[in-house]
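As a plain string of letters, each chain reads:
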2 protein chains.
Amino acid sequence: MTPFGRIVICGAGLIGGSFSLALKAKGLVREVVGIGRTHSSLERAQALGIIDVIATDWATALDGAELVLLAMPVGQMAAVMQAMAPHLGPDTLVTDAGSTKRDVIEAIYTHFKSHLEQIVPAHPIAGAEKSGPEAARADLYVSRKIVLTPLPENRPESVARVREAWAATGGQLHDMSPQEHDRVFGAVSHLPHLLAFALVHEIAERANAEQLFGFAASGFRDFTRIASSHPEMWRDICVANRHALLAELDTYLTELAWIRALLSQGDGDSLEKLFCEARDARDAWLAGKFDS
Amino acid sequence: MTPFGRIVICGAGLIGGSFSLALKAKGLVREVVGIGRTHSSLERAQALGIIDVIATDWATALDGAELVLLAMPVGQMAAVMQAMAPHLGPDTLVTDAGSTKRDVIEAIYTHFKSHLEQIVPAHPIAGAEKSGPEAARADLYVSRKIVLTPLPENRPESVARVREAWAATGGQLHDMSPQEHDRVFGAVSHLPHLLAFALVHEIAERANAEQLFGFAASGFRDFTRIASSHPEMWRDICVANRHALLAELDTYLTELAWIRALLSQGDGDSLEKLFCEARDARDAWLAGKFDS
């Protein structure tokens, strides 16, 4: 592929930083500009070789830029787009790494009305409970799924070029509609995060929290790993995707109500059947049965 | 410590097998007898050096035995105790590895009435989603917590000797009442298992399960690791501890109802505060703040 000249990363943390490092490792970018709300974070990203220069305003950042990656928590998307829009030329492509897509696309239609052909939304599935530039790595996206939700207004060449950039990180590209994206990740990502935060929070509030944590073991540790995730990022995801997430939560609550009934009846046979089906499904998943 | 002559392991899988391997590795036992309901499993345990001989009846197994470890799923405890009791001499100590304690102790009072001084209940906190003799290892219990719930009727020398055996595995011993044990593990172990089984089961039942599993990533993998646990063992735990577990489930459902309200109101500030508190509590736990 043709290397990029200048690209801009807004939010040079785990997600944006790893995108930059992946392209740099393959010699596919000449210069990476970092921009974001926290100057100290950009300075650390620069010291780590994630970005080459720091921009403090969008006019400077976008000057001659071929591609912009928006890699902030989704709650900041609208404000950043509004700030960018007056300085965005017709030849600069924009993609994002937002964990939700319907709200990001709403913001695109609001703030980038006259640029719809060059904005190609994306979501790399590579979260981690660590965040910040120190967590970024060139191989973060290798073999990870990257979902693209192109807009009907996108120029085919814009989509192809953005696709090339994401593919260069080593990820596997998948197209979805934004609605489908938000429902799928509501179920397999956002809901589990909410459930893990809820359990840790509920235990931490108890009078005997110290004793309870004292006897928590490896099962608890893994179950709650995602409760060490970035609170602001997950606030934004939950609020942005709250309609799909509420539907998922309600489905799960129905499942729990059924399990509660089995428990209170002491119905061991039905519980064992449920546990078997869950274990078998999970083991089939781990064995790659559902890989696309 | 004085080595044991003959010990009996009932259920030579992960838990019983690791106990045997730990004592053998330190030269603290002369002969290990295996007994259990599945002969093929005992044969594999013998081939792996976990047990030395296989007994097919309790009279033979208990002949000259100094210590018996009951390491089956808790649902089998009562039936095994009933079969053992007529052959149990006054000099054979008994301990168990049951994940719940109130029900095991009820079975002890029912079937071992005339042996209460020599039965010392225990629970090593060393579950894993793997089971069977192949999963057993000599170091499974190193630095793991092992809870003892001695009976008021226990002879002090019985407790001291059983304590020695468990301590020899490398675990850290803690005493608790059976009620306290079942409440604590209902909260930090049994409930998370139930929640993980529930989520995987609920997703596996959907028409688009294949798509959902196809996009599930590392967060989902860790959150649901314990849903690959032994279904029968977890059926028994859930049924045995259902009163404490129902109370824990209801507390959790109250937390979810509150979070549901925050979500439907789009109250990002309260969600972020909750996520922060959960993350901080978990990080403090990982940092060892709650170690006893």
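Residues numbered from 1 in each chain as written. Chains lettered and ligands numbered in written order. Predicted model: local features only at pLDDT ≥ 70, side-chain atom pairs only at ≥ 80, totals over all residues. Heavy atoms only, no water.

By the naming in an unreviewed UniProt entry, chain A goes by prephenate dehydrogenase and is assigned to Niveibacterium umoris. Taken verbatim from the UniProt record of chain A, the Catalytic activity (unreviewed entry) comment is "prephenate + NAD(+) = 3-(4-hydroxyphenyl)pyruvate + CO2 + NADH". Per UniProt, the comment on chain A under Sequence similarities (unreviewed entry) is "Belongs to the prephenate/arogenate dehydrogenase family." (UniProt positions renumbered as here; feature names shortened; annotations may be inferred.)

Caption draft 1: Structural view of the relation of the copies chain A and chain B. Overlaying chain A on chain B yields an RMSD of 0.0 Å, the required transformation being a rotation through 180 degrees with an accompanying axial translation of 0.0 Å. On this basis, the relationship between the two copies can be described by a two-fold rotation axis. When each C-alpha of chain A is compared by its distance to the rotation axis, A:F223 comes out closest, at 2.0 Å. Both copies share a contact surface, since 100% of the interface residues of chain A are interface residues in chain B too. (Least-squares fit on C-alpha atoms with pLDDT ≥ 70 in both. Contact = heavy atoms within 4.5 Å.)

Caption draft 2: Broad picture of the pairing of strand β4 (residues 65-70) of chain B. Residues and elements named next belong to chain B. Along β4, five of the six residues are buried, which leaves the element largely enclosed by surrounding structure. Examined bridge by bridge, strand β1 (residues 4-10) and β4 share five bridges and lie parallel to one another. Looking across to β4, one finds that C10 is bridged to L70. Direction of pairing for β4 relative to strand β5 (residues 93-96): parallel, over a ladder of four bridges. The residue of β5 that forms the bridge with L70 is D96. As a crossover connection, the stretch from β4 through helix α4 (residues 77-84) into β5 is right-handed. (Buried < 20%, exposed > 50% of the residue type's maximum accessible area, 1.4 Å probe, protein only. Helix = DSSP H or I, 4+ residues; strand = E, 2+ residues; numbered from the N terminus. Pairing = 2+ DSSP bridges. Right-handed = clockwise from strand over helix to strand, strands pointing away.)

Caption draft 3: Fine view of the environment of A:L271. Relative to the elements of secondary structure, A:L271 occurs in helix α12 (residues 268-286). In this structure, A:L271 is in contact with A:I259, A:L262, A:L263, B:C238 and B:V239, ignoring residues within four places of it in sequence.

Caption draft 4: Layout of the interface of chain A and chain B. With 85 residues of chain A at the contact, the number on the chain B side is 85 residues. Both faces combined, the contact of chain A with chain B buries some 8,100 Å², and carbon together with sulfur accounts for 70% of it. At the surface where chain A touches chain B, the tally comes to eight salt bridges. Counting the contacts that link chain A with chain B gives 30 residue pairs in polar contact (both at pLDDT 80 or more). Secondary structure elements with two or more residues in the side of chain A that touches chain B: β8 (145-148), α7 (178-204), α8 (209-215), α9 (218-223), α10 (231-240), α11 (242-264) and α12 of chain A. Among the elements that make up the side of chain A that touches chain B, the one with the highest residue count is α7(A) (18 residues). (Buried area = accessible area lost by both parts, 1.4 Å probe. Salt bridge = Lys/Arg side-chain N within 4 Å of Asp/Glu carboxyl O. Polar contact = N/O pair within 3.5 Å; in protein donor to acceptor, adjacent residues only side chain to side chain.)

Caption draft 5: Region of the structure containing the nonpolar core. Within the largest apolar cluster, 144 residues are counted, with the highest numbers of intra-cluster contacts made by A:W58, A:L70, A:M84, B:W58, B:L70 and B:M84. Dropping the residues within four chain positions of it, B:W58 is found in contact with B:V8, B:C10, B:I35, B:V68, B:L70, B:V80, B:A83, B:M84 and B:H87. (Core = buried A, V, L, I, M, F, W, Y, C linked by side-chain atoms within 4.5 Å.)

Caption draft 6: Just the sheet that holds strand β7 (residues 122-124) of chain B, in detail. All names here are of chain B. Pairing is mixed in the open sheet, where three strands are placed in the order β7-β8-β9. Pairing within the sheet leaves two strands with one partner each, and these edge strands are β7 and β9 (172-175). Taken over all neighbouring pairs, the strand axes of this sheet differ in orientation by 20 degrees on average, direction set aside. Bridge count for strand β8 (residues 145-148) against β9 is four bridges, and the pairing is parallel. Bridge pairing links V147 to H174 in β9. (Axes fitted to C-alpha atoms, helices over the stretch in contact; angles between N-to-C directions.)

Caption draft 7: Structural view of unusual backbone geometry. Phi at A:S143 is positive, roughly 65 degrees, even though this residue is not glycine. One can find A:S143 in the loop between β7 (122-124) and β8.

Caption draft 8: Main features of the packing of α11(A) against helix α11 (residues 242-264) of chain B. Contact geometry of α11(A) with α11(B) gives a least axis separation of 11 Å together with a crossing angle of 165 degrees. Between α11(A) and α11(B), the interaxial angle falls into the category roughly antiparallel. Crossing angle aside, the handedness with which α11(A) passes α11(B) is left-handed. Each of A:R242, A:L245, A:L246, A:L249, A:D250, A:L253, A:L256, A:R260, A:L263 and A:S264 in α11(A) lies in contact with α11(B), whose residues at this interface are B:R242, B:L245, B:L246, B:L249, B:D250, B:L253, B:L256, B:R260, B:L263 and B:S264. Residue composition of the contact of α11(A) with α11(B), by class: twelve nonpolar, two polar and six charged. (Parallel < 35°, antiparallel > 145°, perpendicular 65-115°, else oblique. Left-handed = near helix turned anticlockwise from the far one by under 90°. Nonpolar A, V, L, I, M, F, W, Y, C, P; charged D, E, K, R; others polar.)

Caption draft 9: Layout of the packing of aromatic side chains. Overall, the coordinates contain 17 aromatic pairs over all chains when judged by the stated rule. Taking 6.3 Å as the distance between ring centres and 35 degrees as the angle between the ring planes, the aromatic pair formed by A:W285 and B:F213 counts as tilted. Pair noted here: A:W285 is in helix α12 and B:F213 is in helix α8 (residues 209-215), and the two residues belong to different chains. For the residue pair A:W285 and B:F213, the accessibility class agrees, reading buried in each case. Both rings, one in B:F213 and one in B:F220, keep their centres 6.0 Å apart while their planes meet at 75 degrees; by these two values the pair is edge-to-face. Each member of the pair, B:F213 as well as B:F220, carries the same accessibility label: buried. Through a chain of ring-to-ring contacts, the aromatic side chains of A:F213, A:F220, B:W285 and B:F290 assemble into a single cluster. (Phe/Tyr/Trp six-rings, centres within 6.5 Å; stacked < 30°, edge-to-face > 60°.)

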